[in-house]
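Coordinates in review
Chain by chain, the residues run as shown.
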Protein chains: 2
Amino acid sequence: MAGTRARRTDAELVAAVRAAVVEELAEVGLGKLTMEGIAHRAGTAKTSLYRRWDSPQAVLLDALRAEFPQERPRTTSDDLRQDLIDALALMVRWMATPTARAVASVLAERDRYPELADAIYAHVFDSKGGRFTSTVLRHYADAGALDPALLTPVVADIGEALVLKLAFDSDELPTEHTLAAIVDQAILPAVGFPPMQ
Amino acid sequence: MAGTRARRTDAELVAAVRAAVVEELAEVGLGKLTMEGIAHRAGTAKTSLYRRWDSPQAVLLDALRAEFPQERPRTTSDDLRQDLIDALALMVRWMATPTARAVASVLAERDRYPELADAIYAHVFDSKGGRFTSTVLRHYADAGALDPALLTPVVADIGEALVLKLAFDSDELPTEHTLAAIVDQAILPAVGFPPMQ
C-alpha cells in the first residue's frame, strides 16, 4: 500500500496523515488510536510516522493544531463590529469540520486523558490566539479604539461562550444574523459600546 | 422489598422514585432505563410506578423538573447586581447535583433521544424561567430599572453561557468571585450599565 503512493511529497504525506488521524479517531476512539492504524489509513508505513511524531497522540495534536484557524483583524479597514462577526464566523466554519468534532471528542474524555486535553488548550487554542474574538479585541485595544483594561478573561470568552451555548441549545450552527446579535448585544457593550435599542 | 417500606407516605415514595431514577440512569444509561429497574431501586412495585407515570422517561422528566431550581428575585431589597450573582450561584449549586449530571447525559445523547431532550427544555428549563438570570432581569425590567427591549434571547443567555464555558474550560465550578466578574463584565453592560474600570 505504501509503495503505491511513493511519489507523494512530504507535504502531501503530512496532509494525508493529519486527515487519517482525525478519521481514525472518529472511527476507533482515543483509546484505540495507534500508529499502525493511522499509518494504514494514510497509506504509509509506521516507520515514516515515527520519523516525525513519537506517539498517536502527537500525530493527533499536530493535526488539530494545523487545522485550527488563525483569526486576523483586517488591516485595510477599521471596523471592530465586522471584525468581531468575522472572528465568530471563522469559529462557526471550524465547528463544522471533522477536526472540531475530534477536539470535542477528546475534551469529552478529559477525565481519562487530562494531559491531552490540557495540550489542546495550550498547543491548539492558545497558540492561535486563545479565544475567537481575542485577537481582534487586542488589535483594537492596541490601536486605542477601546480600553485594554476591559479585555478580561470573561470578556474574551463572551463570543465563544454564546456561540457554543446557542449551538448546543438549538442543535444547529449559529447563522450570521445570530453572530451579529452576539456582537451587538453582548460583546460590544462589554468593551464599552453601550447597547442600542 | 416493597412490603418492608409499606409505611412510606405518598410524598416519601415519590421522593424515593425520583432519587432512584437519577441513580438508575447514572448506572445503566438511558437505553436501559426500565420501570422494573427504577421500582427495584426505589424499593417499590412496578405497579405503583404505573399509577403515576406511564414510562421510565416520564419518571425521569418528573425527577429532573422537581429538582431544577426556581430563581426568584429578592423582594425585600433592590439590588440587581446581587440578584444576578445569586441567580448564577443557584445555577452553580444545581450543577453540582446528580440531577444536573442526569440532564447533561440526556442532552449528550440528544441525537438518539431528540424528544426527551426537547422535553427537558420545555418542561424543565422553560417551566422554571427559561434561563438563569432571566427571571431576575425581567423583574427589574418590569420595575422600570432597565430597558425591556435589551432583554433579547442572546442577553438572557450570557450568564449561563459563560458559567458553562468557564466550568468546561477549567473543569471546575466557577467561584462566587467568577460569578461576580460575569455579572459586572458581561451581563450588566449588556443591559445598559457600562463596564467600570
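Conventions used here
Residues numbered from 1 in each chain as written. Chains lettered and ligands numbered in written order. Predicted model: local features only at pLDDT ≥ 70, side-chain atom pairs only at ≥ 80, totals over all residues. Heavy atoms only, no water. Least-squares fit on C-alpha atoms with pLDDT ≥ 70 in both. Contact = heavy atoms within 4.5 Å. Buried area = accessible area lost by both parts, 1.4 Å probe. Salt bridge = Lys/Arg side-chain N within 4 Å of Asp/Glu carboxyl O. Polar contact = N/O pair within 3.5 Å; in protein donor to acceptor, adjacent residues only side chain to side chain. Helix = DSSP H or I, 4+ residues; strand = E, 2+ residues; numbered from the N terminus. Nonpolar A, V, L, I, M, F, W, Y, C, P; charged D, E, K, R; others polar. Axes fitted to C-alpha atoms, helices over the stretch in contact; angles between N-to-C directions. Parallel < 35°, antiparallel > 145°, perpendicular 65-115°, else oblique. Left-handed = near helix turned anticlockwise from the far one by under 90°. Domains from an automatic or database assignment.

1. Considerations on the relation of the copies chain A and chain B
What connects the two chain copies is a rotation about an axis and a shift along it. Between chain A and chain B, the superposition needs a rotation of 180° and an axial shift of 0.0 Å, giving an RMSD of 0.0 Å. Accordingly, the operation relating the two chain copies is best matched by a two-fold axis.

2. So, the interface of chain A and chain B
Taken residue by residue, the interface counts 31 residues in chain A and 31 residues in chain B. Summing both partners gives a buried area of about 2700 Å² for chain A against chain B, and 64% of it is carried by carbon and sulfur. Applying the counting rule to chain A against chain B returns eight salt bridges. Salt-bridge contacts for Arg110(B) lead to Asp171(A); the nearest nitrogen and oxygen are separated by 3.7 Å. Where chain A packs against chain B, one counts 14 residue pairs in polar contact (both at pLDDT 80 or more). Elements that contribute at least two residues to the side of chain A that touches chain B include exactly α9 (153–170) and α10 (176–190) of chain A. A class-by-class count of the residues in the side of chain A that touches chain B yields 18 nonpolar, four polar and nine charged.

3. Comments concerning the packing of helix α5 (residues 80–95) of chain B against helix α8 (residues 134–142) of chain B
When two helices pack together, you describe them by how their axes are tilted relative to each other and by the distance separating the axes. All names here are of chain B. In contact at an axis separation of 9 Å, α5 and α8 are set at 160° when each is read in the N-to-C sense. Considering their axes alone, α5 and α8 lie roughly antiparallel with respect to each other. Classified by chirality, the crossing of α8 by α5 is right-handed. Seen from α5, the contacting residues are Leu80, Asp83, Leu84 and Ala87; seen from α8, they are Val136, Leu137 and Tyr140. Residues of the contact of α5 with α8, tallied by class, amount to six nonpolar, no polar and one charged.

4. Quick notes on the domain arrangement of chain A
Residues and elements named next belong to chain A. Domain annotation for chain A reports domain 1 (3–65) and domain 2 (71–190). The interface is formed by ten residues belonging to domain 1 together with 15 residues belonging to domain 2. Here domain 1 is connected to domain 2 by zero salt bridges. The tally of links from domain 1 across to domain 2 stands at three residue pairs in polar contact (both at pLDDT 80 or more). Among the elements of the structure, α1 (10–28) and α4 (56–67) are those that each provide at least two residues to the side of domain 1 that touches domain 2. With six residues, α4 is the largest single contributor of residues to the side of domain 1 that touches domain 2. The residue makeup of the side of domain 1 that touches domain 2, split by class, is seven nonpolar, two polar and one charged.

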